[in-house]
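Chain residues, written in single-letter form:
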Amino acid sequence: MLLTNKNQLIEMLSGALQALAQERGLGEAPQPRLERPKAVDHGDVACNIALQLSKAWKLNPRELAQALVAHLQKQPGFNQLIASCDIAGPGFINFRLSNAAKTTVVQEVLTAGSKFGELAPGCNPTASAMIEFVSANPTGPLHVGHGRQAALGDALANLLATQGIKVHREFYYNDAGVQIANLALSVQARLNGLKPGDATWPEQAYNGEYIAEIATAYKTSPAYRADLPSTEKIEAIRQFAVAYLRHEQDIDLKTFGVKFDCYYLESSLYTDGGVAQIVQDLQGIGKTYEADGALWLKSTDDGDDKDRVMRKSDGSYTYFVPDVAYHASKWQRGFAKVINVQGSDHHGTIARVRSGLQGVAQKRGWDIPKTYPEYVLHKMVTVMRNGEEVKISKRAGSYVTVRDLVEWSGGITPEMSPAERDLALQRGRDAVRFFLISRKADTEFVFDIDLALQQNDENPVFYVQYAHARISSILQQWDGQISDLKSADLSLLQSKASDHLLRRLAEYPEVLTDAAADLAPHALAFYLRDLAGDFHTFYNADRVLVDDQALKLARLALLSATRQVLQNGLKVLGVSAPAKM
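Rules and cut-offs
- Residues numbered from 1 in each chain as written.
- Predicted model: local features only at pLDDT ≥ 70, side-chain atom pairs only at ≥ 80, totals over all residues.
- Heavy atoms only, no water.
- Helix = DSSP H or I, 4+ residues; strand = E, 2+ residues; numbered from the N terminus.
- Buried < 20%, exposed > 50% of the residue type's maximum accessible area, 1.4 Å probe, protein only.
- Contact = heavy atoms within 4.5 Å.
- Areas by Shrake-Rupley, 256 points an atom, 1.4 Å probe, with all protein chains shown as cover.
- Expected span 1.5 Å × (residues − 1).
- Bend = angle between axes of the 7 residues up to and from the residue.
- Salt bridge = Lys/Arg side-chain N within 4 Å of Asp/Glu carboxyl O.
- Pairing = 2+ DSSP bridges.
- Axes fitted to C-alpha atoms, helices over the stretch in contact; angles between N-to-C directions.
- Core = buried A, V, L, I, M, F, W, Y, C linked by side-chain atoms within 4.5 Å.
- Phe/Tyr/Trp six-rings, centres within 6.5 Å; stacked < 30°, edge-to-face > 60°.
- Lys NZ or Arg CZ within 6 Å of the ring centre and 35° of its normal.

> Sorry if this is basic, but what is going on with the overall build of the chain here?
For the chain, the count of helices and strands is 20 helices and 15 strands. Along the first, second and third principal axes, the C-alpha atoms of the chain reach 90 × 65 × 40 Å. By residue count, 51% of the 581 residues in the chain fall in the buried class. The long-range share in the chain, meaning contacts at least 24 apart out of those at least 6 apart in sequence, stands at 71%. Split by element, the accessible area of the chain, about 26800 Å² in all, is 49% carbon and sulfur.

> Is there a simple way to explain the environment of V45 in this structure?
Note on placement: V45 falls in strand β2 (residues 45-47). Judged by its relative accessible area of 4%, V45 is buried. For the pair V45 and T300, spaced 255 residues apart in the sequence, the C-alpha separation amounts to 48 Å. Not counting residues within four places of it along the chain, the set of residues in contact with V45 comprises M1, L9, L34, E35, P37, I93, N94 and F95.

> Would you explain helix α18 (residues 496-517) in this entry?
For an α-helix, 3.6 residues make a turn, and residues three or four places apart therefore share a direction. Between the first and last C-alpha of α18 there are 32 Å, a value that for 22 residues agrees with the 32 Å anticipated at 1.5 Å per step. Residue Y508 marks the point of greatest curvature in α18, where the axis turns by about 40 degrees; the proline P509 follows within four residues. Within two residues after α18, L519 carries a phi angle of roughly 55 degrees, on the positive side.

> Explanation requested: the pattern of salt bridges in the structure shown.
Close approach of charged atoms lets side chains of opposite charge pair. All chains considered together, the criterion is met by 29 salt bridges. Residues R24 and E23 are paired through a salt bridge, measuring 3.8 Å at the closest nitrogen-oxygen approach. Here D86 and R96 are joined by a salt bridge, their closest N and O atoms 3.0 Å apart. Of the two residues, D86 is situated in strand β3 (residues 82-88) and R96 in strand β4 (residues 92-97); the sequence distance between them amounts to ten residues. Taken together, the shared-partner salt bridges in this structure form one network comprising R36, R504, E507, D530 and D534.

> Can you help me understand unusual backbone geometry in this one?
Most peptide bonds adopt trans geometry, and most residues besides glycine take a negative phi value. For the peptide bond that leads from Y372 to P373, omega is -5 degrees, which places it in the cis range. By secondary structure assignment, the location of P373 is in the loop between α13 (347-364) and β12 (374-378). Of note, the phi angle at S135 is positive, near 40 degrees, even though the residue is not glycine. Of note, the phi angle at D292 is positive, near 55 degrees, even though the residue is not glycine. Its place among the elements puts D292 in the loop between β8 (288-291) and β9 (294-297).

> Just checking my understanding: could you explain the sheet that holds strand β13 (residues 381-385) for this structure?
Hydrogen bonds between backbone atoms are what pair the strands of a sheet, whose relative direction is either parallel or antiparallel. The three strands lie next to each other as β14-β13-β15, forming an open sheet whose pairing is mixed. Bordering the open sheet on either side are β14 (388-390) and β15 (445-448), each of which pairs with just one other strand. Shown here is a sheet whose adjacent strand axes are inclined to one another by a mean of 40 degrees, direction ignored. As judged from the three bridges shared by β13 and β14, these two strands associate in the antiparallel manner. Note that in β14 the partner of R385 across the bridge is E388. The strands touched by helix α14 (residues 402-410) within the sheet are β13, β14 and β15, with β13 carrying the most contacts at an inclination of about 40 degrees.

> How should the sheet that holds β2 be read in this particular structure?
Across the sheet, four strands lie side by side as β1-β2-β4-β3; this open sheet has antiparallel pairing. Two strands lie at the open edges of the sheet, namely β1 (34-35) and β3, each paired on one side alone.

> Hey, could you run me through the nonpolar core in this one?
One broad rule of soluble globular proteins: the nonpolar side chains tend to lie buried together. Judged by nonpolar contacts, the single largest core of 94 residues is most densely connected at V105, V106, I131, V134, F447, L524 and L573. Other than its neighbours up to four places away in sequence, V134 contacts L142, H146, Q149, A150, F171, L253, F260 and V341. Core analysis: the second largest hydrophobic core is formed by 31 residues, L20, A50, V69 and C85 among them.

> Looking at this structure, how should I read the packing of aromatic side chains?
Two numbers describe a pair of aromatic rings. These are the distance of the centres and the angle of the planes. Taken as a whole and judged by the stated rule, the model has 21 aromatic pairs. Measuring from centroid to centroid gives 5.1 Å for Y218 and F240, while their planes differ by 55 degrees, and the two rings are tilted. Here the residue Y218 occupies a position in helix α8 (residues 209-219), and F240 occupies one in helix α9 (residues 230-256), the gap between them amounting to 22 residues. The exposure class of F240 is buried, given its relative accessible area of 18%. Aromatic side chains F240 and Y244 sit 6.2 Å apart centroid to centroid with 35 degrees between the ring planes, which places their arrangement in the tilted category. In this pair, F240 and Y244 both sit in helix α9, four residues apart, roughly one turn of the helix. By way of ring pairs, the aromatic residues F133, F171, Y173, F260 and Y263 are connected into one cluster. Sitting over the ring of W408, R385 keeps its end group 4.2 Å from the ring centre. For R433, the ring lying beneath its charged end belongs to F256, and the centroid distance is 5.5 Å.

That is the geometry; function is a separate question.
Now the structure itself:
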């Protein structure tokens, strides 16, 4: 139901309730709420206010509903908005919108175009937000888990933007700590002629072939110097390896269609004193204590299951300490709403990061909510190809990368021309992004490469894109001016199939709002599949290019609006809307 129609009906219901209360000397009534009936045949929208008020007003709910409807029918504009209403069960009021109200959505879509469903900037009390996602350690290529983060994070950012929120996308580079030291050690071992499996190969080293590629690239680069002292040599290797993998990750992200506004380096939190200041702040308010040679955070004060080590006995910090400093930086930079998209293995860090932030807030006089930052945690992705699971094992060097997934899903072969390869990359990217968004983040996902390659209705992204392409083909066959469709006589849209399609189109703005509020981009993917299904049903039931000129224009207007909404929704998910398939 369109928001304009919804607000109009709520206003009428409120007026009817007020009139009824005055007539019978009853108390105040809450603002009525509308909901979709569980069954389409029950109507377009329902209200249970009679059930809510029956006890307080000491009236039978069904009788109350009847009295309310009687007052409702006296409200100005009611007959123009509502075709009929009936009372069901113990007091539900089911409404059926008038044809004029239903078809309003077509004109709204054709007028708003690519902005249909969006709120204008400034209409949302949340003016800005930061989404941090991917944030991969620069110790290897991006794997499919990072791909799920990239798809989720980018779609979430787009969703929030539709709600008038200015979104900042940030990638946090973990370019410090043990894993980076192991990366440098791995490359150094390759430079010394060692390989995985050798007796002297370091146990903690990374085994992937990309380590050999980095070693080869380093040895032939201007940065390579064999005469450096050992400490300077390992630092030079570290810097080169991190830069090399950052470049590789940037290529993967570009292939995936993801851009960031900022790349924040973990190492900067040490060089600018951010980590040291955090520790000092927490010590200053008694939030820490010394035990067993280590510094501990009193995180149990904030609901954690146990206190956490901040600084180990060797003087190094545990990994959540720079995380606290990083999130203090986010707040200091003005981001009151922050969403982190991370793997479910990060669940254990949430309590300690929030606890540390509460301590910092106490020390610095900041009003940081206890739920800051928000988290969207995703579960693992299992990749299937040719009916068999492709194992993911970063240490074994055999995990599936984002680039693998895109190329496999696009059906790329060595024989392809550059133009064919570009098209295949687009298909692969579309499939990967849509698939990885099409399930709730907290559910495990099986990515079926064979399904992604199918060009039929079983492939969900093909199903949605084909709906867009089919409408484009019909409009091309018509060969008229889209602007002429704004004056079509939409009262001629009276079939059951067109009714379902109109209803689905009207849901789009609310789908965006709810998906953004719930941080649930999968809801938009579900909606697009339903919209495509309603279109295909309409196409099979109602011929569009008929001889009756007025009816033809009305149906073309409906299809043009449907194409626009499909295009808008796919854009939010970062998926293309091809005109031909």
